[in-house]
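The chain contents come next:
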Amino acid sequence: MESALTARDRVGVQDFVLLEKYNSEAALIENLRRRFGENLIYTYIGSVLVSVNPYKELEMYSKQQMERYRGVSFYEISPHIYALSDNTYRAMRTERKDQCIMISGESGAGKTEASKKILLYYTVTCPINEHMATLGDRLLQSNPVLEAFGNAKTFRNDNSSRFGKYMDVQFDFRGAPVGGHILNYLLEKSRVVHQNHGERNFHIFYQLLDGGDDDLLTTLALERNPQSYNYLVKGNCPRLSSVSDKNNWKVVMKALSVIGFTEEEVQKLLDIIASVLHLGNTQFGEGEEGETYITTETQITHLAKLLGVDVSALRDALTHKKLTAKGEEMISPLNFEQAMSARDALAKAVYGRTFTWLVEKINQSLALKVHGKGCTVIGLLDIYGFEVLQHNSFEQFCINYCNEKLQQLFIELTLRSEQEEYETEGIAWETVQYIDNKIICDLIEEKHKGIISILDEECLRPGETCDVSFLEKLEDTLGGHPHFVTHKLANGKTRRVMSREEFRLLHYAGEVNYNVNGFLDKNNDLLNRNLKEVMCQSDNQILCHCFRREEVIHQKRPEMAATQFKNSLMKLMEILMSKEPSYVRCIKPNDAKQPGRFDEVLVRHQVKYLGLMENLRVRRAGFAYRRCFEAFLQRYKPLCPETWPNWHGRLADGVSTLVNHLGYKAEEYKLGRSKIFIRFPKTLFSTEDALQAKKPEIALTLQTSWRGYRERAKYQRIRRAVITIQSAWRGMKARRRAKRRRQAAELIRKLIKGFIYRHEEYCPENEYFLDHVRCSFLKNLRKNLPKSVLDQNWPTPPPSLVETSDHLRRLHMRNMVMKYCRRVQPEWKKQMMQKVIASEIFKDQKDSYPQGVGRLFLDSRLEREQINLKVVQTLGNDKYGVSVVKYDRRGFKPRPRQLLLTNTFAVLVERTKIKQRVDYTALRGISVSSLSDGMFVLHMPNEDNKQKGDVVLHCDHVIELVTKLAMMAGKVNYVNVSPGSIRFVLARGKEGIIDFVRGSELKVAKGKRGHLLVVSLF
Ligand SMILES: Nc1ncnc2c1ncn2[C@@H]1O[C@H](COP(=O)(O)OP(=O)(O)OP(=O)(O)O)[C@@H](O)[C@H]1O
Ligand SMILES: [Mg+2]
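Residues numbered from 1 in each chain as written. Chains lettered and ligands numbered in written order. Predicted model: local features only at pLDDT ≥ 70, side-chain atom pairs only at ≥ 80, totals over all residues. Heavy atoms only, no water.

1. Let's talk about the overall build of the protein
Just so we agree on the cut-off: Strands are runs of DSSP state E lasting at least 2 residues, helices are runs of H or I lasting at least 4, and numbering of each runs from the N terminus. The quantity called the radius of gyration is restricted to C-alpha atoms. Its globule counterpart is 2.2 Å times the number of residues to the power 0.38. A simple rule labels every residue: compare its accessible area, found with a 1.4 Å probe on the protein chains alone, to the largest value its type can have, and call it buried under 20%, exposed over 50%, or partly exposed in between. Contacts were defined at the residue level, with two residues in contact if any of their heavy atoms lie within 4.5 Å. Where accessible areas are quoted, they stem from the Shrake-Rupley method and a 1.4 Å probe; at the residue level, only the protein chains shown are allowed to cover. This count recognises Lys and Arg as positive and Asp and Glu as negative, with His and chain-terminal groups excluded. Taken as the charge location is NZ of Lys, CZ of Arg, CG of Asp or CD of Glu.
A tally of regular secondary structure across the protein gives 36 helices and 31 strands. Computed over C-alpha atoms, the radius of gyration of the protein comes to 68 Å, more than 25% over the 31 Å expected from 2.2 N^0.38 for 1018 residues, which places it beyond the range of a compact globule. By its C-alpha atoms, the protein is 205 × 75 × 75 Å across when sized along the principal axes. Every one of the 1018 residues in the protein was classed for burial, and the buried ones make up 49%. Expressed as a percentage of contacts within the protein between residues at least 6 apart in sequence, the contacts between residues at least 24 apart total 63%. Entry remark: accessible area of the protein is about 51,200 Å², with carbon and sulfur atoms responsible for 52%. Positive and negative side-chain charges of the protein, numbering 153 and 123 respectively, have mean locations separated by a distance of 20 Å.

2. Digging into the coordination of the magnesium ion (ligand 2)
Basically, it comes down to this: A donor here means any N, O or S atom no more than 2.8 Å from the metal (3.2 Å for Na, K and Ca); water is not included, so a site may seem to lack partners.
Protein-derived ligands of the magnesium ion (ligand 2) are Thr112 (OG1) and Ser161 (OG), with the metal-ligand distances lying across 1.9 to 2.1 Å. A residue pair is termed long-range when its members are at least 10 positions apart, and Thr112 in helix H5 (residues 111-125) and Ser161 in strand S5 (residues 160-161) qualify at 49 residues. Considered together, Thr112 and Ser161 belong to a single accessibility category, that of buried residues.

3. Considering the site of ligand 1
Just so we agree on the cut-off: Throughout this document, a residue counts as near a molecule or strand when at least one of its heavy atoms sits within 4 Å of that molecule or strand. N or O atoms within 3.5 Å of each other form a polar contact, as long as, within protein, one can give a hydrogen and the other can take it, and as long as residues adjacent in sequence are counted only when both atoms are side-chain atoms. The nonpolar class holds Ala, Val, Leu, Ile, Met, Phe, Trp, Tyr, Cys and Pro. Asp, Glu, Lys and Arg form the charged class, and all remaining residues, Gly among them, are polar.
Asn53, Ser107, Lys111, Thr112 and Ser160 are the nearest of the 19 residues found near ligand 1. In this structure, Gly110 approaches ligand 1 through a main-chain N or O atom, which is 3.0 Å from an oxygen atom. When isolated, ligand 1 has an accessible area of 620 Å², and the protein chains bury 89% of it. At the level of secondary structure, the elements contributing two or more residues to the shell around ligand 1 comprise H5 and S5. Ranked by residues supplied to the shell around ligand 1, first place goes to H5 with four residues. A breakdown of the residues in the shell around ligand 1 according to their chemical character gives four nonpolar, ten polar and five charged.

4. Considerations on the side chain of Asn31
Here Asn31 is to be found in helix H2 (residues 25-37). Taking relative accessible area as the criterion, Asn31 reaches 4% and is therefore assigned buried. Separated by 2.9 Å, the side chain of Asn31 and the backbone nitrogen of Val13 make a polar contact. If near-sequence neighbours (up to four positions away) are discounted, Asn31 is found in contact with Gly12, Val13, Phe16, Leu19 and Thr43.

5. Description of the UniProt feature "binding site: ATP" (unreviewed entry) in the protein
The condition is simple: UniProt positions are given in the numbering used here, feature names are shortened, and annotations may be inferred rather than shown by experiment.
Feature annotation in UniProt places "binding site: ATP" (unreviewed entry) on Gly105, Glu106, Ser107, Gly108, Ala109, Gly110, Lys111 and Thr112, given in this structure's numbering. Relative to the assigned elements, Glu106 resides in the loop between strand S3 (99-104) and H5. Apart from residues lying up to four places away in sequence, Glu106 is in contact with Lys111, Arg156, Gly385, Phe386, Cys586, Lys588, Gln606 and Tyr609. Here Lys111 shows up in helix H5. By relative accessible area, Lys111 is classed as buried at 7%. Not counting residues up to four positions away in its chain, the partners in contact with Lys111 are Ile103, Ser104, Gly105, Glu106, Asp382, Ile383, Tyr384, Gly385 and Cys586. Within the local environment of Lys111, its side chain forms a polar contact with the backbone oxygen of Gly105, the two atoms lying 2.9 Å apart.

6. Digging into the pattern of salt bridges
As a reminder of what qualifies: By salt bridge we mean one thing: a side-chain nitrogen of Lys or Arg within 4 Å of a carboxyl oxygen of Asp or Glu.
Evaluation of the coordinates by the stated rule reveals 50 salt bridges. As a salt-bridge pair, Glu265 and Lys361 come within 3.1 Å of each other at their nearest N and O atoms. In this pair, Glu265 is assigned in helix H12 (residues 263-280) and Lys361 in helix H15 (residues 336-366), connecting sequence segments 96 residues apart. The same class applies to Glu265 as to Lys361, namely buried. A single network of salt bridges, built from pairs that share partners, joins Arg162, Glu188, Arg191, Glu199 and Glu387.

7. Topic: the pairing of S3
Our working rule: Two strands are said to pair when DSSP picks up at least two bridges between them.
With respect to burial, S3 is a largely interior element, six of its six residues being buried. Side chains Gln99, Ile101 and Ile103 project from S3 onto one buried face, and the interleaved Cys100, Met102 and Ser104 project onto a second face that is buried too. Across five bridges, S3 lies against strand S12 (residues 376-382) in parallel orientation. Bridge pairing in S12 places Met102 opposite Leu381. Bridge count between S3 and strand S16 (residues 580-587): six bridges; the pairing is parallel. Residue pairing for S16: Gln99 is matched across the bridge by Glu580.

8. Overview of the confidence of the model for the protein
Applied cut-off: Looking at any residue, its pLDDT shows the predictor's confidence there, from 0 to 100.
On average, the protein scores 88 in pLDDT, and the residues at 70 or more come to 96%. Below a pLDDT of 50 lies the segment residues 1-8, which in the model reaches ten contacts outside its immediate sequence neighbourhood of four places, other chains included.

9. Comments concerning the sheet that holds strand S29 (residues 991-999)
Put simply, the rule reads: A fitted line through C-alpha atoms serves as each axis, taken over the contacting stretch for helices, and the angle formed by two N-to-C directions is quoted from 0 to 180°.
Taken in spatial order, the four strands line up as S28-S29-S31-S30 in an open sheet, and their pairing is mixed. Each edge of the sheet is formed by a strand with only one pairing partner; in this case those strands are strand S28 (981-985) and strand S30 (1003-1006). Within this sheet the neighbouring strands show an average axis-to-axis angle of 20°, counted without direction. In this structure, S30 lies alongside strand S31 (residues 1012-1017), joined through four bridges in antiparallel fashion. Each bridged residue has a counterpart across the sheet, and for Val1004 the counterpart in S31 is Val1014.

10. Looking at the packing of helix H8 (residues 203-211) against H12
This is how the line gets drawn: Each angle is binned into one of four classes, with values under 35 degrees roughly parallel, values over 145 roughly antiparallel, values of 65 to 115 roughly perpendicular, and all other values oblique.
Contact geometry for H8 and H12: axes closest at 11 Å, N-to-C directions at 100°. With respect to H12, the axis of H8 lies roughly perpendicular. For the pair formed by H8 and H12, the contact residues are Ile204, Phe205, Leu208 and Leu209 on the first element and Leu270, Ile273, Val276 and Leu277 on the second. When its residues are assigned to classes, the contact of H8 with H12 shows eight nonpolar, no polar and no charged.

11. A few points about the sheet that holds strand S19 (residues 675-678)
Taken in spatial order, the three strands of this open sheet run S17-S19-S18, and their pairing is antiparallel. Looking along the sheet, the strands with just one partner apiece sit at the ends: strand S17 (625-628) and strand S18 (669-671). Geometrically, the sheet is characterised by an average inter-axis angle of 15° between neighbouring strands, direction not taken into account. Pairing of S18 with S19, which is carried by three bridges, proceeds in the antiparallel orientation.

12. A short note on the packing of aromatic side chains
The cut-off we apply is this: Pairing of aromatic rings covers Phe, Tyr and the six-membered ring of Trp, with a centre-to-centre limit of 6.5 Å; geometry is then stacked below 30 degrees between planes, edge-to-face above 60, and tilted otherwise. Only lysine NZ and arginine CZ atoms are considered, and such an atom sits over a ring when it is within 6 Å of the ring centre and within 35 degrees of the ring normal.
Evaluation of the coordinates by the stated rule reveals 26 aromatic pairs. Three or more aromatic residues joined by ring pairs form one cluster here, namely Phe394, Phe397, Phe470, Phe484, Phe503, Tyr514 and Phe519. The ring of Phe905 has Arg917 sitting right over it, with the charged end atom 3.8 Å from the ring centre. Positioned over the ring face of Tyr974 is Lys971, at 5.3 Å from the centre of the ring.

13. Observations regarding the nonpolar core
Where a protein is soluble and globular, its nonpolar side chains tend to be buried together. The cut-off we apply is this: Take the buried Ala, Val, Leu, Ile, Met, Phe, Trp, Tyr and Cys residues and link them wherever side-chain atoms come within 4.5 Å; each set so joined is a nonpolar core.
Judged by nonpolar contacts, the single largest core of 181 residues is most densely connected at Leu314 and Phe503. No other element matches H15, which puts 14 residues into this core. Within the second largest apolar cluster, 34 residues are counted, among which are Leu908, Leu923, Val928 and Ile959.

14. Brief notes about the packing of helix H33 (residues 826-842) against helix H36 (residues 958-969)
In contact at an axis separation of 9 Å, H33 and H36 are set at 100° when each is read in the N-to-C sense. Classed by the angle they form, the pair H33 and H36 counts as roughly perpendicular. Facing H33, whose interface residues are Gln834, Ile837, Ala838, Ile841 and Phe842, H36 presents Ile959, Val962, Thr963, Lys964, Ala966 and Met967. Across the contact of H33 with H36, the residue classes tally to eight nonpolar, two polar and one charged.

15. Section: the environment of Tyr121
Mapped onto the secondary structure, Tyr121 falls in helix H5. The spacing of Tyr121 and Asp86 is 35 residues in sequence and 8.2 Å in space, taken between C-alpha atoms. Beyond its immediate chain neighbours, meaning those up to four positions away, Tyr121 contacts Met66, Tyr69, Arg70, Tyr82, Ser85, Asp86 and Cys126.

16. A word on the side chain of Ser190
If you trace the backbone, Ser190 turns up in helix H7 (residues 190-193). For Ser190, a relative accessible area of 15% corresponds to the buried category. With sequence-adjacent residues up to four places away left out, Ser190 is seen in contact with Lys348, Glu395 and Lys522.

17. So, a negative patch on the surface
The cut-off we apply is this: Distance thresholds for patches are 9 Å for like charges and 5 Å for nonpolar side chains (Val, Leu, Ile, Met, Phe, Trp, Tyr), applied to residues having over 30% relative accessible area and no salt bridge.
A surface patch of negative charge is lined by Glu286, Glu288, Glu289, Glu291 and Glu337. Tracing the backbone shows Glu337 in helix H15. Accessibility expressed as a relative area gives 57% for Glu337, which makes it exposed.

Written out as structure tokens, the structure is:
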């Protein structure tokens, strides 16, 4: 679909600026025609959008199409009302400046449709403000309501706007619509009471009758048939083929509730609409004395009820008028005509004021709820187009005056300001001729001399005034004006096409004859005072709001209708002037409202009065785009390294550097005094595209700089904090150190002093020193206490602690011993006891003692198996046994034996035989030598001759054996260590001697004199 559209869009040119023959009106119309033939209804003249009414639904307004145009550069894509809407929106957002879109064109050209499309585009594509989620709906729904009450079928348009509308849409800083406001201009009230043939009253009347349910119509005392109402039959056109009143009724009712009308308000509104219909059916009769009375009693009762007023007061007010003469109030009856016009005036006033109330009410609903600064506005102006009817009256005069003003504004803003700007900027300019309509505007609005002033004057002048006298006054004052003609002033040819009651104005768009009939009345817009008084008392809240009591009390004459209109137009001009304008120029292709028909004569006429040719010529002669240096440089400076990020020289030089960098050719641009002018849109677009392409890079730069800045700031903060902490910490450390030093110095001083006084009694001078010395000694002692009882080291105590030291040493020693003893095992204790005994016996007595005691004393030196079983059985187990050598008493023959010790005796065993038993009790003593030999002698009693004598033995474990034997026998004190020799008893009183000597060789042998010689090693 899109590609097909693009392909078809190659018909003609999309922008009239691209026309070869840009000076030819025919070429322009031909281009329009060709495009229209292909349903391409939109074409540009630069930034102005020309739209031709297709009179059929085209598939070009879908949501997809909206998306297609969103954010896309104006000229990149085929011309569309959405492109203009989007461009305006973006201009508002980027430049933060209020915008307005002026939609102009004659009746039926498609202005209202265009404005609705723009509004729809904004409500669909703009972001939504969460506070105002329903605003879009309300903005959209205001249209059907206003159209129902303000639009009507006319000869030219089935849905003709019979009021002017300017609507502001307010956007917040994020571009979301947040509010709206509507200004309405001059409702064509006369339509309420009269319609030309083929035309209708306002839609709402028909919608109510067609769509309202039976109950509603009954409450309003209405019949369904519109033909029953005088105000609806004038044009003889109750129904429209193109519109369904019934459906529209539903749409309007829904819209009213969306906008926020309460049910009661809707009811009151419908009461008023019905009351207008009843007013139209109120008939008068004429009495015999010329007095007027109401003939339709039921009608007037319904009417009073619907208007919420007293029926007799209403009856009186419709047939009488109240006059004030010389301060006195007088009531005079109205004649038939006067009564009819009073009734119509009431109908118009009621309808007109209700319409104003409706707009106010809609405005309340659209009002900006969240007041935020930085709101920007897009204004939409949809105002009646230039109108030339068969019979043109006061309304057409006002409408066409309005169009003159808008044309003047258009000229002001586009043509003249453009030329003037080129001049002030010093740019060579090819002057374009255009019709300056200031002269016509002056003709209408000038003070004292203008048509409106003359009309007001005539309305206020005392004495007989009528429409004709107004015409005469115009002739007198304005006769000879080049744009003003009357029948009297005209030449013959013109006179033929003018009636005597007409004056002709030569508008910029063409000539229009205005019939003066009704001008004074319409301008006066008077409503009898007593009718106003009645209306003030209405209990219908809408009417109460519309008819204010002050109006009756002050009796100040309101401004005349034309002057009111003039003033409101002035205000509108001010509003429009304060905004950046965009234009939609609507063209009506034919009068028959038919699709596909292109009436060249009709289009040419519109092209002419819309000023499209002048517009085009100015565009071609001039430049497509201009911007003051600052704004241009500000926007595009990222595109040139010399201007980015900032240009510090003159702005003009900056712009020049920038465009040179961008490669602009001389014919593409000119530099004025404060602005740059770019001739072709394409130059600007390529620049804009370059900017768009550059944006991510700029964003990145901004991001990095910002992040860098943020991180730097963070780093600086941390650094400052670190320095603060550091200095605080260092300060504290230094203070501590200083304190320590001070204390140390004091200490040293105390020590030195103490040292000097150390020998004195404990006194303040030496107390610290002495304490310190003591303390040091004790601490030192704690660390260096002897670890074992054998360790003899002990720190030297100071003189004052010598006694304490000794105590401590003893204590410590006892403690160590105690601990040691606690640790000793029973076997070890036994061992120790044996060793202690061994020490008592042998220490320092026998040479072999140190080796002997050093060895472990065993429980037995013989294995169990080594002892004969019989012997074991005889003696029992667990005996100490050891191998010994027994030397015969005579001859000292050595005989190997086993010595076994029991608890009470010892036995000598030769293999299996117990050879000798030695009872411990009988044992007289034990002798050993002092040398390192293993000889020992058991001394036996010798009194008894039966005894064999002492036993001479040798054992390798003599220390162990003798100790054990002595202990077991309880004869420790009987052990005798003899140096040199041992005497022993041989049998029966004879004595033997063993001599011990040291030698180089170990030997036991029979020596001299029968002695036994034992040689032990040195
Ligand atoms: N873009 C369009 N697409 C389809 N139909 C259109 C379009 N524009 C206008 N029309 C048709 O033309 C009719 C008249 O248009 P519109 O009411 O917008 O005219 P207008 O310029 O507002 O006239 P007036 O000055 O009388 O109010 C519409 O009712 C509609 O049928
Ligand atoms: Mg309209």
